[in-house]
Amino acid sequence: MGTTAPLGRSGVRVGRVGLGTGPLGGLFSAVDDEQAADTLAAAWDAGIRYFDTAPHYGAGLAEERLGAFLADRPRAEAVVSTKVGRLLRSATPAEARADAEGFEGAPDRVRVRDYSSEGVRRSLAESLERAGLDSFDVVLIHDPDAHWEPAVREAYPALARLREEGVVKAIGVGMNQCAMLSRFVAETDVDCVLVAGRYSLLDREAARDLLPRCAARGTGVLVGGVFNSGVLAAPSSGAHYNYAPVPERVLRRARRLAGRCAAHGVPLAAAALQFPLRHPAVTGVVVGARTAEEVARNAEHAATEVPDALWDELDEPEELNELNELNEPAGEAGA
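Residues numbered from 1 in each chain as written. Predicted model: local features only at pLDDT ≥ 70, side-chain atom pairs only at ≥ 80, totals over all residues. Heavy atoms only, no water.

Draft legend 1. Structural view of helix α1 (residues 33–45). When the terminal C-alpha atoms of α1 are compared, their 18 Å separation across 13 residues agrees well with the 18 Å that a helix rising 1.5 Å per residue should span. Next to the buried residues of α1 lie β3 (17–20), β4 (50–52), α2 (61–70) and α10 (292–303). Between the side-chain oxygen of the N-cap and the backbone nitrogen of Glu-34 there are 3.2 Å, and the N-cap of α1 in question is Asp-32. Looking at the residues trailing α1, positive phi occurs at Gly-47, about 100°. (Helix = DSSP H or I, 4+ residues; strand = E, 2+ residues; numbered from the N terminus. Expected span 1.5 Å × (residues − 1). Contact = heavy atoms within 4.5 Å. Polar contact = N/O pair within 3.5 Å; in protein donor to acceptor, adjacent residues only side chain to side chain.)

Draft legend 2. How the structure looks around the pattern of salt bridges. For the structure shown, the criterion picks out 23 salt bridges. A salt bridge links Glu-63 to Arg-130; the shortest N-O distance between them is 2.7 Å. Within this pair, whereas Glu-63 is found in helix α2, its partner Arg-130 is found in helix α4 (residues 117–131), the two being separated by 67 residues in sequence. No difference in accessibility class separates Glu-63 from Arg-130, as the two residues are buried. (Salt bridge = Lys/Arg side-chain N within 4 Å of Asp/Glu carboxyl O. Buried < 20%, exposed > 50% of the residue type's maximum accessible area, 1.4 Å probe, protein only.)

Draft legend 3. Representation of the sheet that holds strand β9 (residues 170–175) in the model. Read around the closed barrel, eight strands run β3-β4-β5-β8-β9-β10-β11-β14, paired in parallel fashion. Along the sheet, successive strands turn relative to each other by an average axial angle of 25°, direction set aside. Looking at chain direction, β4 and strand β5 (residues 79–84) are connected through three bridges and run parallel. Counterpart to Phe-51 in the pairing with β5 is Val-80. (Pairing = 2+ DSSP bridges. Axes fitted to C-alpha atoms, helices over the stretch in contact; angles between N-to-C directions.)

Draft legend 4. Summary view of the layout of surface pockets. Looking at the largest pocket, its volume works out to about 920 Å³. Taken together, 43 residues make up the lining of the largest pocket; nearest its centre are Pro-23, Leu-27, Ser-229, Gly-230 and Gly-288. Taken together, the elements giving at least two residues each to the lining of the largest pocket come down to β10 (192–196), β14 (284–288) and α10. For the lining of the largest pocket, the leading source of residues is α10, giving four residues. (1 Å grid on protein atoms, 1.4 Å probe; cavity = no way out; pocket = protein on both sides within 12 Å on 5 of 7 lines; lining within 4 Å. Points joined across faces, edges and corners; volume = space filled by probe spheres on them.)

Draft legend 5. Representation of the environment of Met-175 in the model. Along the chain, the position of Met-175 falls in strand β9. With a relative accessible area of 0%, Met-175 lands in the buried category. Distance in space between the C-alpha atoms of Met-175 and Asp-145 is 7.8 Å, their sequence separation being 30 residues.

Draft legend 6. Representation of the packing of helix α5 (residues 148–164) against helix α6 (residues 179–187). Between α5 and α6, the least distance of the axes is 12 Å, while the angle of their chain directions is 30°. By the criterion of interaxial angle, the relationship of α5 to α6 is roughly parallel. Both α5 and α6 take part in a crossing whose hand is right-handed. Here α5 contributes Trp-148, Ala-151 and Val-152 to the contact with α6, which in turn contributes Met-180, Arg-183, Phe-184 and Glu-187. When grouped by side-chain class, the residues that make up the contact of α5 with α6 number five nonpolar, no polar and two charged. (Parallel < 35°, antiparallel > 145°, perpendicular 65-115°, else oblique. Left-handed = near helix turned anticlockwise from the far one by under 90°. Nonpolar A, V, L, I, M, F, W, Y, C, P; charged D, E, K, R; others polar.)

Draft legend 7. Up close: the pairing of strand β8 (residues 138–142). Within β8, five of the five residues are buried, leaving the element largely enclosed by the surrounding structure. The sheet contact formed by β5 and β8 spans four bridges and is parallel. Its bridge partner being in β8, Ser-81 is matched across the sheet by Val-138. Inspection of the sheet shows β8 paired to β9 by five bridges, in the parallel sense. Note that in β9 the partner of His-142 across the bridge is Gly-174. A crossover connection joins β8 to the parallel β9 through α5; in handedness this β-α-β unit is right-handed. (Right-handed = clockwise from strand over helix to strand, strands pointing away.)

And the structure:
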């Protein structure tokens, strides 16, 4: 879990397995302060030193909890990424509930999309204040799906200036789709991308264009959503897929994958976690957890030996054809 790799050309090194803090912001169900602190401590004890957060996660709650944890740890040992594009504003409880976007137990705040230059600087300043940190190592433009023009004309140049000024070490974009990430790689000088849910055992869309383009440009790739919101961790009828209840056809596919893995003595979650790391363009994976027990399971899965024979089976043409039929173009959700 402590192995690191260079994040593109930025000079930043991140762990091959990092912790995503979306669950610590209450994604799908509330998490209390003690549980969040225990989860972060378990990750640290497991050797994880890369942490990804965002204002979106629990309307700032994840940033606050991560910052409080890092206050008692050597900051120089950790690499922290956050995101810009959503400003947070105080709201009534009713307004906050209407804007929850799947997060439970969050503060009474609403998200306001803002990809302007000023919005980027304000977002970063407010994130630093919430987290109590002096700096973030990596800053990503978050989910600009319907906001290409302001994101590329204002948010990106603002981050590039902050990188030149030494305020941040690396900049990039985090999304749940590949097409716009590929445009950012082609048309800007981002250090990295965070692609969520689009390079997994259930969806290999990123392999078509995004990953080869990043490899050619020397752009770092972080892969989130390796469990596709949970169905690849536990393929049950109550699971989520891409932030929504899992469709039956996807659940059937996940269960078939679990059977193939079991035939080789490998848990499905272990194969799901390790799958993206096989691609030479992938720098690391970002895996969310809401309990110390989940962190321990993820560490075990990261260390599980997966035989080449299983990978060969999962790469068979008929398997890939079925995946292509299973998936439709993905839209915005919330990396």
